[in-house]
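Examining the three-dimensional arrangement
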Amino acid sequence: MAEVQAQLQNLSEEYTKLQQDLQAAVQSRQKLEAQKQENANVQKEFERLKNDENIYKLVGPILLKQDKVEAESTVNGRLEFISKELERTEGQIKETQDKIEKKKGEIIQVQSGLQAGSGAPGKVAAKA
């Protein structure tokens, strides 16, 4: 009986850790989505610019003049990287959700075994 309770406690701790991992992954996805949106907005701004207009990049406390092609290339590279990270994070979220469901099933199985094990002797004792 104590063995089963220890197993249940262990499963519960693993379940809690998986939930924390899921929450961290979801927060990471939200941060990436915000970065993607920000970079997409910058890309739209570049489309509105004329070729002879200046683009400046903030480097520390200094604004440096930057070539439009170089700036567009940088933003496109960031968007590509963010998209790949989003795909990876989505996969991580799905994997963690699957692990959570599996762990939940294990917990339910152990609980039902514990209830059946503790309930049967009680019924026998009540009949006697």
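Scroll up to find the structure this text is about.
1. Observations concerning a nonpolar patch on the surface
- On the surface, Tyr-56, Leu-58 and Leu-63 cluster together to form a nonpolar patch covering roughly 360 Å² of accessible area.
- Along the chain, Leu-58 turns up in strand β1 (residues 55–59).
- Among the residues examined, Leu-58 registers a relative accessible area of 60% and is labelled exposed.

2. So, the nonpolar core
- Judged by nonpolar contacts, Leu-8, Leu-11, Tyr-15, Leu-18, Leu-22, Ala-25, Ile-93, Ile-100, Ile-107, Val-110 and Leu-114 together constitute the single largest core of 11 residues.
- Where this core is concerned, the elements lending two or more residues are α1 (2–48) and α2 (68–127).
- Among the elements that line this core, the one with the most residues is α1, at six residues.
- Leaving out residues up to four positions away in the same chain, Leu-114 has contacts with Met-1, Val-4, Gln-5 and Leu-8.
- Phe-46, Ile-55, Ala-71 and Val-75 belong to the second-largest nonpolar core, a separate cluster that totals five residues.

3. Some details on the side chain of Asn-39
- Tracing the backbone through its elements, the reader meets Asn-39 in helix α1.
- By relative accessible area, Asn-39 is classed as buried at 8%.

4. Quick look at the pairing of strand β2 (residues 62–66)
- Strand direction decides the pairing type here: β1 and β2, joined by five bridges, are antiparallel. Each bridged residue has a counterpart across the sheet, and for Val-59 the counterpart in β2 is Ile-62.
- Hairpin geometry of β1 and β2 is characterised by an intervening segment of two residues between the two adjacent antiparallel strands and by a positive phi of about 65° at Gly-60.

5. Considerations on the pattern of salt bridges
- In total, this model carries 10 salt bridges according to the counting rule given.
- The closest approach of N and O atoms between Lys-99 and Glu-95, which form a salt bridge, is 3.4 Å. Placement of the pair is Lys-99 and Glu-95 together in helix α2, with a separation of four residues, close to one helical turn.
- Since its relative accessible area comes to 46%, Glu-95 is described here as partly exposed.
- Three or more residues are tied together by salt bridges with common partners; here these are Glu-14, Lys-103 and Glu-106.

Conventions we followed
- Residues numbered from 1 in each chain as written.
- Predicted model: local features only at pLDDT ≥ 70, side-chain atom pairs only at ≥ 80, totals over all residues.
- Heavy atoms only, no water.
- Patch = residues over 30% accessible without salt bridge, like charges linked within 9 Å, V, L, I, M, F, W, Y side chains within 5 Å.
- Areas by Shrake-Rupley, 256 points an atom, 1.4 Å probe, with all protein chains shown as cover.
- Salt bridge = Lys/Arg side-chain N within 4 Å of Asp/Glu carboxyl O.
- Helix = DSSP H or I, 4+ residues; strand = E, 2+ residues; numbered from the N terminus.
- Buried < 20%, exposed > 50% of the residue type's maximum accessible area, 1.4 Å probe, protein only.
- Core = buried A, V, L, I, M, F, W, Y, C linked by side-chain atoms within 4.5 Å.
- Contact = heavy atoms within 4.5 Å.
- Pairing = 2+ DSSP bridges.

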